[in-house]
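Secondary and tertiary structure notes
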Amino acid sequence: MTTRLFGQKITRREDPRLLTGHGRYVDDVSGSAIAAAFVRSPHAHADIIDIDVSGALDVDGVIAVWTHEDLPGEAAQRLPMLIPHPSIVAPHTGYALAKDHVNFVGEPIVMVVAENRYIAEDAANRIEVDYRFCDPVVGVEASRAGTRIVHEGMTDNVAAHLVQEVGDIDSGLGGAPHVLELDLEFERSACMPMEGKGVVARWDSGDGSLEVHSSTQTSTGLRAVLAAKLELPLTKVEVITPDVGGAFGVKINHPWPEELAVACAARALETTVKWTEDRREHFISSAHERAQTQWVRVGFDDEGRILGLDVKFWHDNGAYLPYGVIVPLNTSTHIMGPYAIPAFRVEYWSLYTNTVMVTPYRGAGRAHAVFMMERTMDAIAAELGLDRAEVRLRNFVREFPHPMGLRMQDGAEGCIDSGDFVTSLDKLKSLVGWDEFESYREQARSEGRQVGIGLACYIESTGAGPYEGGHIEIESSGRVNVWTGLTSHGQAHATVFAQIVADELGVPLDTVHVTTGDTRKLPYSVGTWGSRGAVMAGNALHLTAKKVREKALRIAGESLEADPEDLEIVEGMVQVKGDASASMPLAAVSVLSNPLRYAFDESARAATQFAKESDEDEPSIRPGEQPGLEEQEFFSPLRSTVANGIHAAIVETDPETADIRILRYCVVHDCGPMVNPLVVEGQVHGGVAQGVGGALYEKMAYDTDGQLLNASFMDFLMPFASEIPHVETDHLETPSPLNPLGIKGAGEAGTIPAATAIASAIEDAEGIAIRSMPLDPSTLWHMRADHAADAAHSR
Amino acid sequence: MTESLDTEPTSTIRLTVNGTLHVLEVPDRKLLSDVLRQDLELTGTHVGCEHGVCGACTVQLDGEPVRSCLMFAGSAQGHEVTTVEGIGDDPEHPADVQQAFIDCHGLQCGFCTPGFITTIDAYIDENPHPSEEEAREAVSGNLCRCTGYQNIVSAVQRAAELRAEGASQ
Ligand code: FES
Ligand code: FES
């Protein structure tokens, strides 16, 4: 038997290439192409009165200067609203190049195409735009007040409004012996992949086709939207996603204005045009996430069991809503977390502001939900004087599947399909030393140190549908080519999908070659987001490999004169089960699968010994068959899987400076069976680092005029190695009944509860209620002062 | 108002990159990172911020790590530049630091990685036996958004081990 590759810590097959400078990221694709640069609005809210481009036209090397008027046909219309939802009451999207108005600092207005980026930027600097200023709306509070309006024709700033209810909230809260209210605040952050966005568009005037390389998370989606906007037949547009330098959500929106404008320019100029985003552009014009103002009312009994939970929150969606309401919708559907709550009501308002739009960021909307629920759990424990872990234990869902009674982002009813929260909590408590912490605290106190411990539980709907596909072909050399429409941005798809396929086909791992995100082979795909890659494409490829295997056994069966049922594939050889003497290489089966038998390689010559005499009364290819050892298959799940986990943090806060240090960080994580534990761990580490960034450092500092004050890595503090703790992990593998491999997604697990676990630990160290994140030392220092003043006052 | 711009000033520079001498005519304001990537097609060097913070563009100048986005190519005139391709450009036979990253799962998207490789390659010559804390310190001038750094820190120590083994052979 070949050893099963599923579950093994296989080192990554993409590494050698990436490590030796042979990666191919979008900006590497066409270094010499002419380049676009954009003039962006310096104002958050204004009418455009006039644009004077004459200064730019004189610059040597400038090829074209485009404003909105130069966009052709559909490309000049509003950008699409990708995911409509019934809760959206006022859908507003922008244009590829602003038409008459700008709604945030950074909105593109003019595109300059020149011989190179240096010249394009020179020219862009010489373009003059006249504005009539309007009052900007910045932040949730200003937006809620509604005294200033972002979009003309609206009477308030509400983009979407939704209420969902489970059970009877009035009796749930009304009958509760204890009721608490919490006001909470979660700040804006951003994905900040190390590679910004980019696009290279090549127009082939010979056959009227467009080939686009983009750092997108959805090549098929981008292809379809470009075809629609450029009014081209779908077959004349292909999108290739090469190596992508991280995405974390921000590259899921499509088309970005620049992708569309650059593609139009390539066609008009009949050449190749590229645009590579610089870091400042990424800060001010790519999407952000996270900002919400939240209100919670919870009713519970003397044991800490929740009887009713009523939640309202206000979500800042920025200037436009191109990606719909996935973020607030995810927040609203994840609040109940791993708990059985008999009565629940959630109401949200998604609000326009004159700031960069909000689209999903790793943990999309769920990090905010965890903040509400887990801060509530801690508040209940504090109110009753109970252990925080114990309160959670008493509220856990214990029977699976557990229907949640809420409509999720995929439109299906949410249901926790599997898990074992009690065991997870046990594992976490022993990993972090929960029960021994009090003695550690005492010891630290005696050394003049102040420490605290915190925890946060979460669930995450992962592996959303509707489908994902696979395509597998076995060459006559025995090489196995695998395609999935999914894009890859560091998730090790080339390794984990090869593991899955190699297992099913019984071939050595190094014969399997995976290609991702190329619409030329697999035009049907959804994209890489929401922890769905392994669940969706993993299962699709598993099913595809099964189909290829069946075909291989059928063909080999005829040659070996054996029932396909009695055959197996071991190390690339088809053989009678347990008897290697009657066998043939898979490579030869591939040759036999194609009646066109030019003997141009060794396997073709070798295969002749297995070829049967052809039957004169039958065509070479029988009805219903296709030549080649090649199949395509799709996987479409009933609903999303639900992964879960618990994080704990131990922090130390400096009594003088209020500096916050994470001493330990522990994660117990259940994503079902792990295809490659090395990769899962890596995902968790990276996710925690982003969570720590969001907890302590990262925050988009807008002033009241809508200027982003910290649009550089010097001012927006992303953690370096010196700020990130060593992460300790443990796993529980409860398989999902919803897919053949039983797997659940893992991509966002590290990020979702991190800020909340750290908030819990800081609260424990300080004895001050933490109601907003992120938290920096200076804010904590002021909170201490206020707290001391309050205490003195009430004495 | 029309006003014509002079053609931008260029200079001829002599630059040794990964052991090969290049004589190039480049605009005076062109960054070293852009000359490496565009003129010499050494696209292993990446640009993540263009303002000197992220370290993705790190190359070695006469063996010392520098940010190639903060230097004009003209300033590198007469110097020896080593990019990630110069550390090792054969995927079949990665150099010790590169192998260490494979062993430790020290990369995900790989975009920040060349900057880490050039930094660590120079560092372990200086400190052949880094402790975990020293290893962390050594890479804390480079940003990575994917890995959470833990495995990169391990890769520093593993790279030092591999180099020591290589030296003793
Ligand atoms: S690109 Fe040079 S330091 Fe970021
Ligand atoms: S591996 Fe992606 S940024 Fe470091």
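Cut-off values and rules
- Residues numbered from 1 in each chain as written.
- Chains lettered and ligands numbered in written order.
- Predicted model: local features only at pLDDT ≥ 70, side-chain atom pairs only at ≥ 80, totals over all residues.
- Heavy atoms only, no water.
- Helix = DSSP H or I, 4+ residues; strand = E, 2+ residues; numbered from the N terminus.
- Buried < 20%, exposed > 50% of the residue type's maximum accessible area, 1.4 Å probe, protein only.
- Areas by Shrake-Rupley, 256 points an atom, 1.4 Å probe, with all protein chains shown as cover.
- Lys, Arg positive; Asp, Glu negative; His and termini not counted.
- Charge placed at Lys NZ, Arg CZ, Asp CG, Glu CD.
- Patch = residues over 30% accessible without salt bridge, like charges linked within 9 Å, V, L, I, M, F, W, Y side chains within 5 Å.
- Salt bridge = Lys/Arg side-chain N within 4 Å of Asp/Glu carboxyl O.
- Pairing = 2+ DSSP bridges.
- Axes fitted to C-alpha atoms, helices over the stretch in contact; angles between N-to-C directions.
- Contact = heavy atoms within 4.5 Å.
- Phe/Tyr/Trp six-rings, centres within 6.5 Å; stacked < 30°, edge-to-face > 60°.
- Parallel < 35°, antiparallel > 145°, perpendicular 65-115°, else oblique.
- Left-handed = near helix turned anticlockwise from the far one by under 90°.
- Nonpolar A, V, L, I, M, F, W, Y, C, P; charged D, E, K, R; others polar.
- Polar contact = N/O pair within 3.5 Å; in protein donor to acceptor, adjacent residues only side chain to side chain.
- Buried area = accessible area lost by both parts, 1.4 Å probe.

Here we look at the overall build of chain B
Helix and strand content of chain B: six helices and five strands. Walking chain B from its N terminus toward its C terminus, one meets helices and strands in the order β-β-α-β-β-β-α-α-α-α-α. Its C-alpha atoms give chain B principal-axis dimensions of about 60 × 35 × 25 Å. The 169 residues of chain B split such that 58% are buried. Accessible surface, chain B: about 7000 Å² in total, of which carbon and sulfur atoms supply 46%. Mean positive and mean negative side-chain charge positions of chain B (9 and 27 charges, respectively) differ by 5 Å.

Topic: a negative patch on the surface
All names here are of chain A. A cluster of acidic side chains, namely Asp 50, Asp 52, Glu 128 and Asp 130, defines a negative patch on the protein surface. Elements with a minimum of two residues in the negative patch: strand E2 (46-52) and strand E6 (128-133). Tracing the sequence through the fold places Asp 130 in strand E6.

Some thoughts on the sheet that holds strand E26 (residues 641-653) of chain A
Residues and elements named next belong to chain A. With mixed pairing, the four strands of this open sheet are ordered in space as E18-E26-E27-E28. Strands at the two margins of the open sheet, each flanked by one partner only, are strand E18 (451-462) and strand E28 (727-731). Neighbour-to-neighbour, the strand axes of this sheet turn through a mean angle of 15°, independent of strand direction.

Things to note about the sheet that holds strand E3 (residues 58-61) of chain B
Two pairing modes exist for strands in a sheet, parallel and antiparallel, and in both the strands are linked by backbone hydrogen bonds. All names here are of chain B. Spatial strand order, E2-E1-E5-E3-E4: five strands in an open sheet with mixed pairing. Edge positions in the open sheet fall to strand E2 (20-27) and strand E4 (64-67), since each of these has one partner strand only. For this sheet, the mean inter-axis angle between neighbouring strands, taken without regard to orientation, is 40°. In this sheet, strand E5 (residues 80-82) lies alongside strand E1 (residues 10-17) in parallel orientation, the contact comprising two bridges. In the sheet register, Val 17 faces E5, and the bridge partner there is Val 81. Strands in contact with helix H1 (residues 32-39) are E1, E2, E3 and E5; relative to E2, the strand with the most contacts, it is inclined by about 110°. Packed on one face of the sheet, helix H4 (residues 113-126) meets E3, E4 and E5 and runs near 35° to E3.

Regarding the pattern of salt bridges
Tallied over the full model, the rule gives 62 salt bridges over all chains. Notably, a salt bridge pairs Asp122(A) with Arg29(B), separated by 2.7 Å at the nearest N-O pair. Taken as a pair, Asp122(A) in helix H4 (residues 117-125) and Arg29(B) in the loop between E2 and H1 lie in two separate chains rather than in one. Look at Arg29(B) and you get partly exposed, because its relative accessible area is 28%.

Some words on the environment of Asn253(A)
Residues and elements named next belong to chain A. Relative to the assigned elements, Asn 253 resides in the loop between strand E11 (237-240) and helix H8 (257-269). In sequence terms Asn 253 and Gly 221 are 32 residues apart; their C-alpha atoms lie 9.3 Å from each other. Excluding its chain neighbours within four sequence positions, the residues that come into contact with Asn 253 are Leu 82, Glu 259, Pro 322, Tyr 323, Met 357 and Thr 359.

Side note on the side chain of His288(A)
Within the fold, His288(A) resides in the loop between helix H9 (279-285) and strand E13 (292-300). Excluding anything up to four places from it in sequence, His288(A) contacts Arg188(A), Ser189(A), Ala190(A), Phe283(A), Val356(A), Met357(A), Val358(A), Thr359(A), Met700(A), Tyr702(A) and Leu708(A).

Observations regarding the packing of aromatic side chains
All names here are of chain A. Overall, the coordinates contain 14 aromatic pairs over all chains when judged by the stated rule. A ring pair is formed by Phe 38 and Trp 275, whose centres lie 5.9 Å apart and whose planes are at 90°; its orientation type is edge-to-face. Remark: Trp 275 occurs in strand E12 (residues 272-276) and Phe 38 occurs in strand E1 (residues 34-40); sequence separation between them is 237 residues. Exposure remark for Trp 275: the relative accessible area of 2% places this residue in the buried category. Centroid distance Phe 313 to Tyr 348: 5.5 Å. Interplanar angle 35°. Geometry classified as tilted.

A word on the packing of helix H15 (residues 493-505) of chain A against helix H16 (residues 533-560) of chain A
All names here are of chain A. One way to put it is that H15 packs onto H16 with a least axis distance of 9 Å and a crossing angle of 30°. Classified by the interaxial angle, the pair formed by H15 and H16 is roughly parallel. Two packed elements cross with a definite hand, and for H15 against H16 that hand is right-handed. Seen from H15, the contacting residues are His 493, Phe 497, Ile 500, Val 501, Glu 504 and Leu 505; seen from H16, they are Gly 533, Ala 534, Ala 537, Gly 538, Leu 541, His 542, Ala 545, Lys 546, Val 548 and Arg 549. Taken together, the residues of the contact of H15 with H16 break down into nine nonpolar, four polar and three charged.

Structural notes on the environment of Leu32(B)
Residue and element names in this part refer to chain B. Assignment of secondary structure puts Leu 32 in helix H1. Separated by 38 residues in sequence, Leu 32 and Leu 70 have C-alpha atoms that sit 7.8 Å apart. Among all residues touching Leu 32, those that are not within four sequence positions of it are Leu 15, Val 59, Ser 68, Met 71, Phe 72, Ala 73 and Ala 76.

Topic: the side chain of Glu281(A)
Residue and element names in this part refer to chain A. Here Glu 281 is to be found in helix H9. Judged by relative accessible area, Glu 281 falls into the buried class, the value being 7%. Reaching out from Glu 281, the side chain makes a polar contact with the side chain of Arg 40 at a distance of 2.7 Å. Setting aside anything within four residues of it in sequence, one finds Glu 281 in contact with Phe 38, Arg 40, Arg 117, Trp 275, Thr 276 and Ser 286.

Some thoughts on unusual backbone geometry
Along the chain, Phe400(A) connects to Pro401(A) via a cis peptide bond; the corresponding omega equals -5°. Following the sequence through the fold, Pro401(A) ends up in the loop between helix H12 (388-395) and strand E16 (402-407). Cis geometry marks the peptide bond from Met773(A) to Pro774(A); its omega dihedral reads 5°. On the secondary structure map, Pro774(A) appears in the loop between strand E29 (772-773) and helix H21 (777-794). Positive phi outside glycine occurs at Glu41(B), with the angle close to 55°. One can find Glu41(B) in the loop between H1 and E3.

Brief notes about the interface of chain B and chain A
Listed by partner, the interface residues are 56 residues for chain B and 58 residues for chain A. A combined buried area of about 4700 Å² lies between chain B and chain A, and 58% of that area is made up of carbon and sulfur atoms. Inspection of the chain B/chain A interface yields four salt bridges. Notably, a salt bridge pairs Asp27(A) with Arg37(B), separated by 2.5 Å at the nearest N-O pair.

Here's the deal with the pairing of E1(B)
Residues and elements named next belong to chain B. Judged from the eight bridges that link them, E1 and E2 form a sheet pairing that is antiparallel. Note on E2: the bridge partner recorded for Thr 12 is Glu 25. Once E1 ends, the chain turns through two residues before running back antiparallel as E2, passing Asn 18 with a positive phi of about 50°.

Observations regarding the packing of helix H19 (residues 677-696) of chain A against helix H20 (residues 754-766) of chain A
All names here are of chain A. Close contact between H19 and H20 brings their axes to 7 Å; oriented N to C, the two are set at 50°. Considering their axes alone, H19 and H20 lie oblique with respect to each other. Viewed along their axes, H19 and H20 form a crossing whose handedness is right-handed. In contact with Val 688, Gly 691, Val 692, Ala 695 and Leu 696 of H19, H20 contributes Ala 754, Ala 755, Ile 758 and Ile 762. Tallied by class, the residues present in the contact of H19 with H20 amount to eight nonpolar, one polar and no charged.

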